[in-house]
Every structure is written in C-alpha cells, then in structure tokens.
Amino acid sequence: MDSVEEKDKEANAPSVVDRYYTRWYRADMKGKPCEDHCILQHSNRICVVTLAETHPILQNCRTIKSINYQISNGCSRLNNKVSGKSKRGGQFLTDFAPLCRITCSDETEYTIYSCIRGRLLEVNENILETPDLLLEKPSTDGYIAVILPKFEESKSITENLLSREEFESVVSKRSDAQSQTS
C-alpha cells in the first residue's frame, strides 16, 4: 500500500521549475502577435529566459534550422564573459535587447528578446548543437539565456510582466478573438 501512495506522490509532485521558480510572461513581444516569452525568476534574483508555451515555434510544430546569438556585426551574445562573485564583464541588457535569432525550416525568423533589464550571465550553447532541446524542453534544457537583474531593480522587473493568471487571460482572449474571425 505504501508503494502505491509513494508513486501517487511522485506523479503529483511539482517539477523543479514549478517548485523553485516564479513564471512571468511578456505577451505579443514588440507588438508581434503570439510571440510570447517566459521569464523564470528564482528567489535568488536570477532569471531564465525561455519561450512561452504559446510561442509560434512551439505551437506550429516547426523545425528549427538555426539559432544565432550574433546580434550585429559588433555584438555576439556568445562573446559574453563574466567573472567573479559580482559577475563582472557580463553584457548589460535592456528590456528589449535581442538575445538571439531563431530561423525555422520554413525560413520564418523569430527574434528572442531579454524582456528584463540586467546583466547577461550566460547563453545556452547546447541549443546551438541540439536545437530540438528548445522544442522538447523549453523550460529546462532548452532555455535561451540567464540574466541577473540589478539588486535595486529585482523587485520592480516584474512590473512590466504578466503573472501566469494574467497571461492565461490574455491567451484565452486571443483565442476567442481568433475563433470569432474564423
């Protein structure tokens, strides 16, 4: 009997992401419909940028052709080097700083933005070699980047982001509007 109860507890146990991170969302990034981003905020201020489950890359069963962290001729997120306890040397990002460009096999290109102000700690180089991680595990192994907001701003960074409930409301209104136009 105990083993059955243990299996039930394991099946209902929250994931590491659900247990330790708070999900925040930015819907319709830069006015582009459905291009939603998710920010996972840990209690230690560190934020992980991922694709929201409603992003077109994840929704339309697309195949990823390439991921490029080269933002411009003079700026590559791959050249970001941080050192020391205070993470000196990391590139400082604004709310709308591009992190990478994802090109799908149908040549559709999506730019992924930071959504928050802070210092870029790392980008996920694993998705360059295995782009399917972005599709299979967008909240864990398929993350885009890790950002550390300034200590003073760590409470206020979520002011421009949506909570999970607010985001679900936006998504349901969006789907209602789409069903009415069809």
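Our structure is the block above this text.
Residues numbered from 1 in each chain as written. Predicted model: local features only at pLDDT ≥ 70, side-chain atom pairs only at ≥ 80, totals over all residues. Heavy atoms only, no water.

Student: Can you walk me through the sheet that holds strand β4 (residues 64-68) in this structure?
Tutor: In any sheet, the strands associate via hydrogen bonds between backbone groups, in a parallel or an antiparallel arrangement. Pairing within the open sheet is antiparallel, and its 3 strands lie in the order β4-β8-β9. Looking at which strands have only one partner, the edges of the open sheet turn out to be β4 and β9 (109-113). Taken over all neighbouring pairs, the strand axes of this sheet differ in orientation by 20 degrees on average, direction set aside. With 4 bridges connecting them, β4 and strand β8 (residues 98-104) associate as antiparallel partners. Bridged to S66 within β8 is T103. (Pairing = 2+ DSSP bridges. Helix = DSSP H or I, 4+ residues; strand = E, 2+ residues; numbered from the N terminus. Axes fitted to C-alpha atoms, helices over the stretch in contact; angles between N-to-C directions.)

Student: How should the pattern of salt bridges be read in this particular structure?
Tutor: Side chains that carry opposite charge are capable of pairing whenever their charged atoms lie near each other. Applying the stated criterion to the full structure yields 9 salt bridges. When the shortest N-O distance is used, the salt bridge between E168 and R164 registers 3.5 Å. A residue pair is termed a helical-turn pair when its members lie 3 or 4 positions apart in one helix, as E168 and R164 do in helix α6 (residues 164-181) at 4 residues. R164 sits in the partly exposed class, given a relative accessible area of 31%. (Salt bridge = Lys/Arg side-chain N within 4 Å of Asp/Glu carboxyl O. Buried < 20%, exposed > 50% of the residue type's maximum accessible area, 1.4 Å probe, protein only.)

Student: Looking at this structure, I do not really get the packing of aromatic side chains. What am I missing?
Tutor: Pairs of aromatic rings are described using the distance from one ring centre to the other and the angle between the two planes. Using the criterion set out here, one finds 1 aromatic pair in the structure. Between the aromatic rings of Y25 and F167, the centroid separation amounts to 4.1 Å while the plane-to-plane angle is 5 degrees, which identifies the pairing as stacked. Here Y25, found in strand β1 (residues 21-26), pairs with F167, found in helix α6; they are 142 residues apart in sequence, far enough to count as distant. On the basis of relative accessible area, Y25 is assigned to the buried category, the value being 0%. (Phe/Tyr/Trp six-rings, centres within 6.5 Å; stacked < 30°, edge-to-face > 60°.)

Student: How should the nonpolar core be read in this particular structure?
Tutor: Nonpolar side chains in soluble globular proteins generally cluster together in the buried interior. Of all hydrophobic cores here, the largest spans 31 residues; its most connected members are I39, I67, I102, L134 and I144. Residue assignment for this core shows that the elements contributing at least two residues are β3 (47-51), β4, β8, β9, β10 (118-123), α5 (132-136) and β11 (145-148). If we ignore the near neighbours within four places in the chain, the residues touching I39 are T22, R23, W24, C47, V48, V49, S114, C115, I116 and L161. (Core = buried A, V, L, I, M, F, W, Y, C linked by side-chain atoms within 4.5 Å. Contact = heavy atoms within 4.5 Å.)

Student: Honestly, the sheet that holds β3 in this entry has me stumped. Any pointers?
Tutor: Read from one edge of the open sheet, 6 strands run β1-β2-β3-β11-β10-β7, paired in antiparallel fashion. Each of the sheet's edge strands pairs with one partner strand only, and the pair in question is β1 and β7 (92-93). As judged from the 4 bridges shared by β10 and β11, these two strands associate in the antiparallel manner. Directly across from L120, in β11, lies its bridge partner I147.

Student: So what exactly am I meant to see when it comes to the pairing of β10 here?
Tutor: Consecutive side chains of a regular strand alternate in pointing toward one face of the sheet and then the other. Summarising the sheet, β7 and β10 pair through 2 bridges and their orientation is antiparallel. From the neighbouring strand, L93 faces β10, where its bridge partner is G118.

Student: Got a minute to help me understand the side chain of S76 in this structure?
Tutor: Checked against the element boundaries, S76 lands in strand β6 (residues 75-76). Those residues within four positions of S76 in sequence are excluded, and the remaining contacts are Y69, Q70, I71 and Q91.

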